[in-house]
Amino acid sequence: MITILAIESSCDETAASVCREGRILSNIIASQKVHESYGGVVPELASRAHMQHIVPVVDQAMKMAGVEMDSLDGIAFTQAPGLIGALLVGAQFARSMALALNKPLIPVHHMQAHVIANLIDEPSPSFPFLCLTVSGGHTQIVLCESPTIMNVIGETIDDAAGEAFDKSAKILGLPYPGGPLIDSYSKQGNPKAFIFPEPQIPGLNFSFSGLKTSILYFLQEHQRQNPNFIEERLPDICASIQRRIVTILLNKLKKAAVETGIKEICLAGGVSSNSELRSALKEAGNKYGWHTYYPSPQYCTDNAAMIAMTAYYKFLDGDFADLSAVPSARATW
Ligand code: KG4
Ligand code: ZN
């Protein structure tokens, strides 16, 4: 029975997970509160917090799984992409464990792992499937042929969908990360109250930077007439922003489904826990005859279970690295 310990430290969550034969036995996450007052992740503070958290997080993941060190078959870590100082903490820890235990080291690509999060629980998509991966740093449409063969067929040319949520929230005076707050305010708002423009980007690529600028001008204009505009209309503004982000995403996903003829469609990444995006996917699924999937919320935002699951498939392929494997802030796949 293949048992893998995985470590994730690419951004501001220190996470560890143990999986056995593709089943998650533990999934521990220590989130870093230290960034809240800065309106974004501060890389140096992230590295320091990873160093403080990594030993207790790994310890807890092993205890919860009920697994002893000597029954591990491999040690996995997030190799790329991410904040380099943050990645180094997880990579160094994983390399040290692999060396001490004399077990194979399995480097994992974080974006590939977000896609694989869809294979953790049942029902899971059959291959080939399309996955819209929407996180704080990425927005991609991925054509997934097998657990280890995938290609990006569309991506953002500027901001990620998560950034569109977070930057809009920041303009509205909401704390970081603003995505979940926009989601919750939107529940009491009218999504048709205000109309924001949809960018005309060719092919399957996305753009979100124009949306941020149009929100900024829109608010400046309204606040000139009514200084309390944001306070009075916050749910309507949030619902209208969210509706636009969701329609931009869904329109490209529909285009990808038509172009590829694939009807197995998944979401992944932090923004895939957005309630409107989830219901819009279900609606599109009913309309176009798609089978739709999204991971449970704990596997949408950054976690080590998705790293462990990806590492399991890489283990089956014999895809290991030697102990000199180094992390990379930007790596294509
Ligand atoms: O995947 P993730 O945890 O980290 C990255 O790899 O970037 O994604 C974090 C992003 C943040 O931008 C956060 O605001 C967004 O996911 N997010 C949401 C929701 N939950 C998290 N955005 C919109 N609605 C949500 N419910
Ligand atoms: Zn992520």
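Source: prediction; values computed, not measured.

**Student:** How do you make sense of the overall build of the protein chain when you look at a structure like this?
**Tutor:** The helix and strand inventory of the protein chain stands at nine helices and ten strands. Its C-alpha atoms give the protein chain a radius of gyration of 20 Å, near enough to 20 Å, the size a compact globule of 333 residues would have. With respect to the principal axes defined by its C-alpha atoms, the protein chain has extents near 65 × 45 × 30 Å. Across the 333 residues in the protein chain, those meeting the buried criterion constitute 53%. Considering only intrachain contacts with a sequence separation of at least 6, the fraction spanning at least 24 residues in the protein chain is 72%. Summed over all atoms, the accessible surface of the protein chain reaches about 14,400 Å², with 53% contributed by carbon and sulfur. Once the 25 positive and 32 negative side-chain charges of the protein chain are each reduced to a mean point, those two points are 5 Å apart.

**Student:** What is the right way to look at the coordination of the zinc ion (ligand 2) in this model?
**Tutor:** As a benchmark, a tetrahedral metal site with four donors has ideal angles of 109.5 degrees, while an octahedral site with six donors has ideal angles of 90 or 180 degrees. Binding of the zinc ion (ligand 2) to the protein goes through His110 (NE2), His114 (NE2) and Asp302 (OD), at separations of 2.0 to 2.1 Å. With four donor atoms in place around the zinc ion (ligand 2) and angles of 93 to 144° between them, the coordination shape is irregular. Its relative accessible area of 6% is what places His110 among the buried residues. Take His114: its relative accessible area is 0%, and that puts it in the buried class.

**Student:** Would you take a moment to explain the site of ligand 1 for this structure?
**Tutor:** In the region of ligand 1, 20 residues are neighbours, and Gly136, Asp166, Asp183, Gly270 and Asn274 sit closest. The separation between an oxygen atom of ligand 1 and a polar main-chain atom of Gly179 is 3.3 Å. Protein contact buries 88% of the 550 Å² of open area that ligand 1 shows by itself. Listing elements by their share of the shell around ligand 1, those giving two or more residues are α3 (110-116), α4 (161-171) and α5 (179-186). Of the residues belonging to the shell around ligand 1, the class tally is five nonpolar, twelve polar and three charged.

**Student:** Got a minute to help me understand helix α9 (residues 305-316) in this structure?
**Tutor:** Side chains of residues three or four places apart in an α-helix project in the same direction, reflecting 3.6 residues per turn. Between its terminal C-alpha atoms α9 stretches 17 Å, which fits the 16 Å expected from twelve residues at 1.5 Å a residue. Burial analysis of α9 places eleven of its twelve residues in the buried class, which makes it a mostly covered element. Those residues of α9 that fall on the buried side of the exposure criterion are Ala305, Met306, Ile307, Ala308, Met309, Thr310, Ala311, Tyr312, Tyr313, Lys314 and Phe315. Residues of α9 that are buried make contact with β1 (3-8), β2 (13-20), β3 (23-31), β4 (74-80), β5 (105-109) and α3. Phi for Gly318, located one or two positions after α9, is positive at around 70°.

**Student:** What am I meant to see in the packing of aromatic side chains here?
**Tutor:** Ring pairs (aromatic) are described by centroid distance and by the angle formed between their planes. Counted according to the given criterion, the structure contains nine aromatic pairs. When the ring of Phe194 is compared with that of Phe229, the centres are 5.7 Å apart and the planes differ by 70°; the resulting orientation is edge-to-face. Highlighted residues: Phe194 in the loop between α5 and α6 (209-225) and Phe229 in helix α7 (residues 229-260), separated in sequence by 35 residues. Overall, the relative accessible area of 12% leaves Phe194 in the buried class.

**Student:** Would you mind showing me how to read the layout of surface pockets here?
**Tutor:** Counted as a void, the second largest pocket has a volume near 250 Å³. Contributions of two or more residues to the lining of the second largest pocket are made by α7 and α8 (275-288). Among the elements that take part in the lining of the second largest pocket, α8 stands out by supplying seven residues, more than any other. Its residues assigned to classes, the lining of the second largest pocket comprises five nonpolar, three polar and five charged.

**Student:** What exactly am I supposed to notice about the sheet that holds β3 here?
**Tutor:** By definition, the strands of a sheet pair up through backbone hydrogen bonds, in either a parallel or an antiparallel sense. If you trace the five strands from one edge of the open sheet to the other, you get β3-β2-β1-β4-β5, paired in mixed fashion. On the outer flanks of this sheet lie β3 and β5, each paired with one strand and no other. Averaged over all adjacent pairs, the angle separating strand axes in this sheet is 20°, with direction ignored. Sheet topology note: the β4/β5 ladder contains five bridges and is parallel. What sits directly across from Ala80, in β5, is His109. Relative to β2, helix α1 (residues 43-65) is tilted by about 25°, and along the sheet it contacts β1, β2 and β3. Of the strands in this sheet, β1, β4 and β5 are in contact with helix α2 (residues 84-101), which crosses β4 at around 155°.

Definitions and cut-offs
Residues numbered from 1 in each chain as written. Chains lettered and ligands numbered in written order. Predicted model: local features only at pLDDT ≥ 70, side-chain atom pairs only at ≥ 80, totals over all residues. Heavy atoms only, no water. Helix = DSSP H or I, 4+ residues; strand = E, 2+ residues; numbered from the N terminus. Rg over C-alpha atoms; globule rule 2.2 N^0.38 Å. Buried < 20%, exposed > 50% of the residue type's maximum accessible area, 1.4 Å probe, protein only. Contact = heavy atoms within 4.5 Å. Areas by Shrake-Rupley, 256 points an atom, 1.4 Å probe, with all protein chains shown as cover. Lys, Arg positive; Asp, Glu negative; His and termini not counted. Charge placed at Lys NZ, Arg CZ, Asp CG, Glu CD. Donors = N, O, S within 2.8 Å, 3.2 Å for Na, K, Ca; no water. Tetrahedral: all angles 85-135°; square planar, octahedral: opposite > 155°, others 65-115°. Near = heavy atom within 4 Å. Polar contact = N/O pair within 3.5 Å; in protein donor to acceptor, adjacent residues only side chain to side chain. Nonpolar A, V, L, I, M, F, W, Y, C, P; charged D, E, K, R; others polar. Expected span 1.5 Å × (residues − 1). Phe/Tyr/Trp six-rings, centres within 6.5 Å; stacked < 30°, edge-to-face > 60°. 1 Å grid on protein atoms, 1.4 Å probe; cavity = no way out; pocket = protein on both sides within 12 Å on 5 of 7 lines; lining within 4 Å. Points joined across faces, edges and corners; volume = space filled by probe spheres on them. Pairing = 2+ DSSP bridges. Axes fitted to C-alpha atoms, helices over the stretch in contact; angles between N-to-C directions.

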